[in-house]
Amino acid sequence: MSDKDEIINKIRDAIVNLDIDNIQRLCMEALKAGIPAYDIVMKGMSKGMEIVGEKYERNEYFLAELIMAGEVMKEGMKVLEPHLAGGEVKKIGKVILGTVRGDLHDIGKNIVATLLTAAGFEVIDLGVDVPPEKFVEAVKENKPDIVGMSALLTTTMIEMENVIKALKDAGLRDKVKIIIGGAPITKEFADKIGADAAARDAVEGVNICKSWVS
Ligand code: B1M
């Protein structure tokens, strides 16, 4: 195993072991070793989050551990975020982004926001637990090119369809492109609810958004 793989695995394990004291040090070590910030997020921390999710499903971890894992990942992101975001770039489009009503998961959404900003988008982040009316209001007010929604729960996916319906009712659906993402989201689901695209991960999401404004 290479030194780089070893550091990545240590970062993955720090998430799984909820090791908030060491995560920042390990992320800095990884950057110093020349590992791109995005690889640290995807191959290290996100992999750790997957394992935490599996442990939760097996009743080895409970809600307290999910909360702690989220905190550990956020600590790591504080070190990595400046390396994910580019410098000053020319604005290429505007995106309204939010996690849908009933859903509090924001780690993936925040990564999408960081990478979109780095790619030159102006991002208006509505946060978590965002009701359809708030998406509609934000579209009216900011006239974005794109609306992006995130959902991590199978029970909140349906809210994405509610947002699209609300945009249709307000006569705004045809004025924006709509992209959705999050662990349970598939392209079939996007087609079913009338979204324009679904993204498996943040990079795919950013590439789709770029293709829409170029
Ligand atoms: Co929650 N949780 N959680 N949780 N949690 C999951 C999602 C779960 C799969 C765990 C499991 O059982 N295996 C499960 C959902 C099961 C289901 O619906 N089928 C679950 C559950 C059940 C719950 C609660 C109901 C638990 C409870 O209360 N009993 C509760 C719900 C609260 C609520 O939202 N109302 C809950 C709470 C939480 C915490 C708050 C404790 C915490 C979140 C902290 C936070 O976000 N601030 C948490 C966590 C950490 C997780 C897991 C472990 C990790 C999620 C994560 O951050 N992943 C998760 C397990 C898992 O996902 N395997 C789990 C890392 C992140 C980088 O990935 O968010 O997928 P992800 O984002 C990716 C892509 O999906 C994509 O790009 C990102 C980066 O590449 N992407 C987009 C995401 N949004 C996009 C939008 C785009 C494009 C791409 O365009 C707009």
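Cut-offs and rules
Sequence order sets the numbering: in each chain, residues are counted from 1 along the sequence as written. Selection of residues for local features in this predicted model requires a pLDDT of at least 70, selection of side-chain atom pairs for listing and counting requires 80 or more, and totals for whole chains, interfaces and linings are taken over all residues. Derived side-chain values reflect all non-hydrogen atoms in the structure, with water molecules and hydrogen atoms excluded from consideration. Proximity criterion: a residue is near a molecule or strand once any of its heavy atoms comes within 4 Å of it. Two N or O atoms form a polar contact when they lie within 3.5 Å of each other; inside protein one atom must be a possible hydrogen donor and the other a possible acceptor, and for residues adjacent in sequence the pair counts only when both atoms belong to side chains. We count a stretch as a helix when DSSP gives it H or I for four or more residues in a row; a strand needs E for two or more, and each element gets its number in order from the N terminus. Residue ranges for the domains originate in an automatic or database domain assignment. Contacts: residue pairs with any heavy atoms within 4.5 Å of one another. Accessible-area loss on putting two parts together, using a 1.4 Å probe and summing over both, is the definition of buried area adopted here. Whenever Lys or Arg places a side-chain nitrogen within 4 Å of a carboxyl oxygen from Asp or Glu, that contact is recorded as a salt bridge. Each residue is assigned to one class: nonpolar for Ala, Val, Leu, Ile, Met, Phe, Trp, Tyr, Cys and Pro, charged for Asp, Glu, Lys and Arg, and polar for all the others, Gly among them. Axes here mean lines fitted to C-alpha atoms, for a helix over just the part in contact, with angles spanning 0 to 180 degrees between N-to-C directions. Orientation labels follow simple angle bins: below 35 degrees gives roughly parallel, above 145 gives roughly antiparallel, 65 to 115 gives roughly perpendicular, and whatever is left gives oblique. In this scheme, a crossing is called left-handed if the near helix is turned counterclockwise away from the far one by less than a right angle; it is called right-handed if the turn is clockwise.

**A few points about the site of the ligand**
The local shell around the ligand holds 35 residues, among which Glu57, Leu104, His105, Asp106 and Ser150 are the closest. Here Gly102 contributes a backbone N or O atom positioned 2.9 Å from a nitrogen atom of the ligand. Note that an oxygen atom of the ligand is positioned 3.5 Å from one of the backbone N or O atoms of Ile107. The biggest single contributor to the shell around the ligand is helix α3 (residues 37–57), with six residues.

**With respect to the domain arrangement of the chain**
Per the domain assignment, the segments of the chain are domain 1 (3–84) and domain 2 (93–213). Centre-to-centre separation of domain 1 and domain 2, based on C-alpha positions: 25 Å. With 10 residues of domain 1 at the interface, the matching set in domain 2 holds nine residues. Contact between domain 1 and domain 2 buries roughly 760 Å² in total, counting both sides, with carbon and sulfur atoms accounting for 77%. Broken down residue by residue, the surface that domain 1 buries against domain 2 is led by Tyr38, Lys74 and Leu84, which jointly contribute 57%. With a closest N to O distance of 3.3 Å, Asp106 and Lys74 form a salt bridge. For the pair domain 1 and domain 2, the interface holds two residue pairs in polar contact (both at pLDDT 80 or more). Elements with a contribution of two residues or more to the side of domain 1 that touches domain 2: α3 and α4 (63–84). Looking at the side of domain 1 that touches domain 2, the element that brings in the most residues is α4, giving six residues. For the side of domain 1 that touches domain 2, the class distribution of residues is seven nonpolar, one polar and two charged.

**Some words on the packing of helix α2 (residues 23–32) against α4**
The N-to-C vectors of α2 and α4 enclose an angle of 30 degrees; their axes lie 8 Å apart at closest approach. Taken together, the axis directions place α2 and α4 in an arrangement best described as roughly parallel. Here α2 and α4 pass one another in a crossing that is right-handed. Residue-level inspection shows Ile23, Gln24, Cys27, Met28 and Leu31 of α2 in contact with α4, the latter providing Val72, Glu75, Gly76, Lys78, Val79, Leu80 and His83. Split by residue class, the contact of α2 with α4 holds seven nonpolar, three polar and two charged.

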